[in-house]
Amino acid sequence: MSDQLVKITINGVAHHVHGKSVLIKAAEDTGTYIPRFCWHPRMAPVGMCRMCLVEVEGPRGVMLVPSCTTPIHDEMVVHTETDTVKKAQEGVLEFLLANHPLDCPVCDRGGECPLQDQTMAYGPGESRFVEEKRHYEKPIPISDLVMLDRERCILCARCTRFSDEISGDPLIEFMDRGNSTQVNTFTEEPFASYFSGNTVQLCPVGALTASPYRFRARPWDLRVIGSTCTVCTAGDSISVHASQNEVLRYLGVDNDATNHGWLSDKCRFGFEYLNSDDRLTTPLVRGADGEFAEASWSEALSLVAEKLTAIVTDHGPQAVAGLGGSRGTNEDAYAFSKFMRTVVGSGHIDSQMDDGLNPQLLAALSGKGLIGDLEYARTILLWAADLKEEHPTLYLRVRRAAQELGAKLIIVHPRRTGLDDRATFKFGYKPGDGARVLSELMAGQGEYAAARAALSEGPVVAIVGRTGLTESPVLAESVAAFARDLPNASVLPIVRRSNTYGALDMGLAPNLLPGRAAIGSPGCANLEATWGGLPTKAGYDAAAIATGVDEGSIKGVILLGADPVADMPNGLDLSSPDFVVAIDLFLTESSSQADVVFPALGFAEKEGTVTNLEGRVQKVNRVVPGPGQAREDWSILDDLSARMGKPMGLASAEAIAKEIAHVAPAYESVTWDLITWDHPDGAVVPVVAERSPLEYVPIVSSASSTPTKSEFVLHSARTMYDDGVMCQQGPSIGRLAPGAAAYLNPDDAQRLGVTDGDLVRVASTKGQGDLPVVIDVSLTVGVVYVPFNQPGGPHFGSDLAVTLVKL
Amino acid sequence: MVYPLVVTKRMMEHPADSHTMKRYEATGGYVAARQSVGQTREELVELVKASGLLGRGGAAFSAGLKWSFLAPARPAYLVVNGDESEPGTFKDRQLMERDPHQIVEGMIIAAKANEVHDSFVYIRGEYPKPARRLQQAVADAYAKGYLGKGIFGTDYDLELTVHLGAGAYICGEETALLNSLEGRRGEPRIKPPYFPAAKGLYMKPTIVNNIETISNLPHIINQGSEWFAGLSDSADTGTFMMSISGHVNKPGNYELPHGLTWREVIYDVAGGIRNGNELKAWVPGGASAPWFVPELHLDRPVTKEACAADGSMLGSGAIIVMDHTTDMVGAAERLVAFFAEESCGQCTPCREGTTWLDMILQRVLNGAGRDADIDLLLDVADNISVGLGWPPKQTTICPLGPSAVSPVMSLVRHFRDEVEAHIASAPHSGGQGVAVSIRGIA
Amino acid sequence: MSWSAETIKRAHDIVARYPEPRSAVMPLLYLAMRQDGYLTADGMKQVADLVGITPAQVQSVATFYVMFKTEPKGKYLISMCTSISCYLMGADDVLHAIEEASGVPAGEADDEIGVEHAECIGACGGAPACLVNYELIEGLTVEKAKELVRWLRDGKPETINGDELQTLFGSVTSFDWAIKEDNAAIGPYPAFPVFGTAAQNTDALEPGRGA
Ligand SMILES: Cc1cc2nc3c(=O)[nH]c(=O)nc-3n(C[C@H](O)[C@H](O)[C@H](O)COP(=O)(O)O)c2cc1C
Ligand code: SF4
Ligand code: SF4
Ligand code: FES
Ligand code: FES
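All figures in this text were calculated on a predicted structure; none of them were measured in a lab.

Caption draft 1: Fine view of the overall build of chain C. Within chain C one finds eight helices and four strands. At 18 Å, chain C has a C-alpha radius of gyration in line with the 17 Å of a compact globule built from 211 residues. By principal-axis analysis of the C-alpha atoms, chain C measures approximately 50 × 35 × 30 Å. When the 211 residues of chain C are sorted by exposure, 64% land in the buried category. Here chain C displays about 7,400 Å² of accessible surface, and carbon together with sulfur accounts for 48% of that area. If you average the places of the 16 positive and of the 30 negative side-chain charges in chain C, the two averages end up 4 Å apart.

The structure is reproduced here in structure tokens:
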């Protein structure tokens, strides 16, 4: 029934359309635009604004119906432009304008306001409303990021529906009723949602505005270019808006495959770091006095070429290691991979910071699925990081699957997660104890019986990853191995850093080559020819590189947009190597210890492609020129290669993309043209079937269990806002980090004689800190949770065992 | 004149204790419920269909037919509408206060007929006394095993919960009521789903019936559908309760047969107009009904059909009578103000339009009317209820918005001269007018 | 003020009465009003906690209904009907008399008395009518209304009984009340056993399925 074609006649023209649609959508799809305020294709209709009234012929004559709530049916006859319809629309507009302040000249929406536009198109002339208008206190801040002007609000319920239905944090609601109805938050509770910015984008008028954007620009001054967000790994479609060479905002763009138009606030407001005064603008070289001095590009490049060549000559190429590459484009990553392998000649290269998963699992898991598989899932197994914190738009997709589409959701996590309220089954556990939980779940024992039964109902989508930094990566691999064999299963192994998948696909892992080839795999003839030979041995991963640094075997380190000192759970001692060069946007904890720092271009300042967690390759675009003399990563590396006597011959990002399409098996044919024209939503690699030399099949391993006798084990996980560079350099989101604290089960707290706010000393072999206690009933007894990388917070490394003392 | 009584019979004959279990059982109570628990859904639905009982909540839809539409999914729910808030209406209050067991018994019958095990009565918050009485009756019925697990010794379970509203007329609209009962704002739901019988409480099949409708059920079971249908010559069977208020000598509730004339109702039943005054107009069926005037309607029959033919309705059976001293602009304003204040606020035309209409009327009353105001009133009304026809064309989710148009239309149709007189006497007549702010919701 | 264990228990019983917890929001809001006299932010948070929704959602529901008061309304709330039938019978004058006698304009309250206009309270046959803590007086007059205010101010009754009110201040009724009741209201919220009345024995009226 639902997929049958039905005939509808709109304004005298017959159309055949799929039967499961509301009239407003069917009309739009067949070329008739019906004006609307409250209807939104991604949310349930509410029929509130009444702007979309049209006439439909029926058994009892012609009826005026709202097209956003009326389903189409066969032989439906619709009129959208009759006098009655026009009169009704004019009437609604007049009603909406009656109480509207008409302060368009000072409104951020002015120039892109549907109310303004529709008044021009359908509206009445002058106001007949001579009574006193409704008055409310002018814009009130309802969160750190969002301002609300209730006088402008037309009560379309887009913001309230979004927070309730889509993001699951109904903190903004209608208050009062009738003519006094207004949007507001609870008296004492701000609109503290990770997704609040979406309501600003959804608001059809200027009632909700974003404080980072208020009064910054008028729409007609903006340069707008489509791109792909690189904050998390979902590859969300966005448009970047800039004026006078400055990025001013991002808007979400509806992509059926990924974000459905939504963005997290970190993504939306995270652009501020690009405009920071702290951005590096010239190369810096550490002088004899130990201080950085500005240097010219050629000085700095020559120096680095000389130093790296000397290390290779004196200690062999394996004395140089490279870290990073997961924050840039595929083209940059490829350049780094080629540079390390063909110019330096070292295989010690890793784009993950010892906090991720087996690169082969991420890049080439057999049975890997798509985000879109969530739309059809009957059962979802989520055993990974708290998606709300680390994978915000994926969180929205899972929420939709569980809430709107009725999938059963099974969550396994040591602590409460943002999706618990939608979980059919939720299992907590003690980090280190995961293997036992998995084996019991697999066997369907005891409390796991019903969940195991649900997992026998396909299609199953399993999202697997590390729930925290202290958990063994082998556990996720075991979960993936189990999930792969479930009925009709799609497995999505997830890690956090945005272009990790692209970086791995470009070979930025000790055991991978570009195009999803394991070192030694066949089928890399083009790569071999282009590179003039292929490595035969895997190099060090990040942890081994750290050890190499400590032991003195690694003498030179190249950091490409990486901050291992802050970002690696166990840190990295950058004072030991003879020479450290960093390519970065800022002086970070790591780059500030380098000998030479090159200023790099950031997001929106360069062109290229990125690959999301599904393997979807999408375009990022250049919108602004970037600060000072900053350059693309690939071009810095290419310049270095020439100065080191082994020129890589990389001419432009697009040329690199062509080289990738030629040499990297899984990326065969993936040119920019392909993803611009044939696959505007991005192309999932490999686009040419059977062109992935590696197909990784994980196994369930008992090594995923690391039981400890310690009284307390540490659960350490990332939060959306932390002490990372985006937050440090973005004034709007920088303030939002929750801060370091020790979260404890009430029983543990009682045993220790502490309560909320009391200080405890938490210590591991890697570090210690005095932290305020937060009681958290979601934790298992014996688990202490400390959010990772908080401003001023301690680092405990990846140790499971910690000690806790009351202070 | 003595008319046959059905739902008010017991309370008339036993005023002191008609509300008690003892009296109720002594006068044949719970016999019908006991019997119907042994009957099938089909038997009960057919019986009620055959009785011709129409809903007494205002829409006058066949109760039996509604029951037969109940979707097969289970659980299903029964919700009885005791929100009675339409100005002029106070009949359900009397039924709840004076004969609460009649409602409990009616609910047992309706529940059994619809295979429902969970039922609710939603009583407006301003009715604590009726709620207390009904709650006592419910408690007594639980104690006797007429409610709860295995009622009347059968294996049929039935729970009944008395739920108190909190001051919102719109919760009388059945889908708003269901939202309210779900712990949400009492906002009417969009269509589809078209009927609660398909998707109602918690989106499960739900029967919503009015208190008076339910009160008739024990009598239909006991005395048969033919007897009930035979009480009336109209398509509307049985008796019906009228709440009469305003400028009459004997305001009150009256259980009446169908088909009297308005003259009989106003002058015989309600004792005529106070102080021997002249009848000016009356509202025939609750605040949303277009007004009747003596010149046109006094000798017309009081039936659903005749009212519809005359461009109005019997609605909830509330007649509000106005004598010649009444300022009709004031009366219209008061009716419009009610809808403005009770609008849930979802639909633009209702939320903005009803308030605007009220502001204009208040301005006219306050001596700041303008010549353009009559046309403006009509045009704003037209934007709420396109074409200003009867029954109204709806631009809104529920009929409340268009309801506010009725008093304005009636005012302009029958008493345009009074509006003009107000405007003419205004100091600013013909000018720009002075804005007044609307009475706030206190 | 946090709720007593007994009140929390009652709240849980109410939640258990409904197929879905959210349905208990309205009764629990009444319970919250009984705790603090009106709906405080803490009260709404408590309700949110009990049914598992956000305080914003609770406030959204609460502010939809006029009987949930988010500000103090005194000990006695007089709700004067000004809808059509009462208007026709002189309600506006009665309301003015109440405002004047109490010194409290409609919509406001002092520590003792709150005054408001109300839409039709279902007593149109006994118009004009008002509610005192939701107990009804039918057939009110300007004089009787003034007496009512004085009686409240001077007598400061602990509880408000409808029959007593009607006897003292009322006249014509919508129908024969017939049956006297000793139950009474104990605050500016409806006297219903589930949330509390002045009656001694309300055990029979406890919520709880199949009790
Ligand atoms: C604005 C509005 C208010 C209503 N108020 C009431 C009411 O107070 N009591 C009632 O029983 N029905 C009321 N109704 C009708 C109900 O929606 C519903 O039709 C009725 O309760 C069904 O019961 P019945 O079929 O037994 O009449 C109202 C309808 C509307 C549109
Ligand atoms: S604030 Fe904006 S989005 Fe929210 S209801 Fe008002 S107009 Fe709609
Ligand atoms: S017509 Fe009025 S009361 Fe009815 S749903 Fe719309 S706004 Fe609410
Ligand atoms: S778009 Fe249909 S009612 Fe708003
Ligand atoms: S109009 Fe006042 S009680 Fe109905």
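Moving on from the coordinates now.
Caption draft 2: The site of ligand 2, seen in detail. If you check the shell around ligand 2, you find 13 residues, and the closest are A:Cys153, A:Cys156, A:Ala157, A:Cys159 and A:Cys203. Classifying every residue of the shell around ligand 2 by side-chain character gives twelve nonpolar, no polar and one charged.

Caption draft 3: Summary view of the interface of chain A and chain B. With 36 residues of chain A in contact, the opposing surface of chain B contributes 42 residues. When the two sides are added together, the surface that chain A and chain B hide from each other amounts to roughly 3,200 Å², 54% of it contributed by carbon and sulfur. Of all residues in chain A, A:Phe95, A:Glu131 and A:Arg177 give up the largest surface area on contact with chain B, accounting jointly for 25% of the area buried on that side. Applying the counting rule to chain A against chain B returns six salt bridges. Where chain A touches chain B, the interface holds 18 residue pairs in polar contact (both at pLDDT 80 or more). Among the secondary structure elements, those contributing two or more residues to the side of chain A that touches chain B are β3 (53–58), β4 (61–66), α2 (83–98) and β8 (172–175) of chain A. Here the side of chain A that touches chain B is built from residues that sort into 17 nonpolar, nine polar and ten charged.

Caption draft 4: Inspection of unusual backbone geometry at higher detail. Residues A:Gly458 and A:Pro459 are joined by a peptide bond in cis, for which omega reads -5°. Take A:Pro459: it is sitting in the loop between α13 (449–455) and β21 (460–464). The step from B:Lys191 to B:Pro192 runs through a cis peptide bond, and the omega angle for that step is -10°. Mapping B:Pro192 onto the fold places it in the loop between α9 (174–181) and β4 (206–210). Of note, A:Ser669 is a non-glycine position whose phi angle comes to about 75°, a positive value. Within the secondary structure, A:Ser669 sits in the loop between α20 (653–663) and α21 (672–678). We classify A:Ser669 as partly exposed; its relative accessible area is 36%. Of note, the phi angle at B:Ala60 is positive, near 55°, even though the residue is not glycine. Tracing the backbone shows B:Ala60 in the loop between α4 (41–51) and α5 (63–68).

Caption draft 5: Quick peek at a nonpolar patch on the surface. On the surface, a nonpolar cluster with roughly 250 Å² of combined accessible area is contributed by B:Phe61, B:Leu65 and B:Phe69. You can see B:Leu65 is positioned in helix α5.

Caption draft 6: Just the pattern of salt bridges, in detail. In the structure shown here, the tally under the stated rule is 87 salt bridges over all chains. Across the pair A:Arg497 and A:Asp355 runs a salt bridge whose closest N-O atoms are separated by 2.7 Å. Here A:Arg497 is found in the loop between β22 (489–493) and α15 (500–505), whereas its partner A:Asp355 is found in the loop between β17 (349–350) and α9 (359–364), with 142 residues between them in sequence. Under the relative-accessibility criterion, A:Arg497 is labelled buried at 7%. A:Asp355 gets classed as buried once you look at its relative accessible area, which sits at 14%. For C:Glu112, the salt bridge is made with C:Arg153, and the minimal N-O distance between the two is 2.9 Å. Of this pair, C:Glu112 sits in the loop between α6 (91–102) and β2 (113–118) while C:Arg153 sits in helix α7 (residues 142–155), and the two are 41 residues apart along the sequence. One network of salt bridges, in which partners are shared, links A:Lys87, A:Glu94, A:Arg128, B:Asp379 and B:Asp382.

Caption draft 7: Fine view of the interface of chain B and chain C. Contact with chain B, which involves 78 residues of that partner, is made by 63 residues of chain C. Buried area between chain B and chain C, both sides added, is near 5,600 Å², and the carbon and sulfur share of it is 58%. Inspection of the region where chain B meets chain C yields five salt bridges. At the boundary of chain B and chain C, one finds 29 residue pairs in polar contact (both at pLDDT 80 or more). The greatest single-element share of the side of chain B that touches chain C, amounting to nine residues, is contributed by helix α8 (residues 128–144) of chain B.

Calculation rules
- Residues numbered from 1 in each chain as written.
- Chains lettered and ligands numbered in written order.
- Predicted model: local features only at pLDDT ≥ 70, side-chain atom pairs only at ≥ 80, totals over all residues.
- Heavy atoms only, no water.
- Helix = DSSP H or I, 4+ residues; strand = E, 2+ residues; numbered from the N terminus.
- Rg over C-alpha atoms; globule rule 2.2 N^0.38 Å.
- Buried < 20%, exposed > 50% of the residue type's maximum accessible area, 1.4 Å probe, protein only.
- Areas by Shrake-Rupley, 256 points an atom, 1.4 Å probe, with all protein chains shown as cover.
- Lys, Arg positive; Asp, Glu negative; His and termini not counted.
- Charge placed at Lys NZ, Arg CZ, Asp CG, Glu CD.
- Near = heavy atom within 4 Å.
- Nonpolar A, V, L, I, M, F, W, Y, C, P; charged D, E, K, R; others polar.
- Contact = heavy atoms within 4.5 Å.
- Buried area = accessible area lost by both parts, 1.4 Å probe.
- Salt bridge = Lys/Arg side-chain N within 4 Å of Asp/Glu carboxyl O.
- Polar contact = N/O pair within 3.5 Å; in protein donor to acceptor, adjacent residues only side chain to side chain.
- Patch = residues over 30% accessible without salt bridge, like charges linked within 9 Å, V, L, I, M, F, W, Y side chains within 5 Å.

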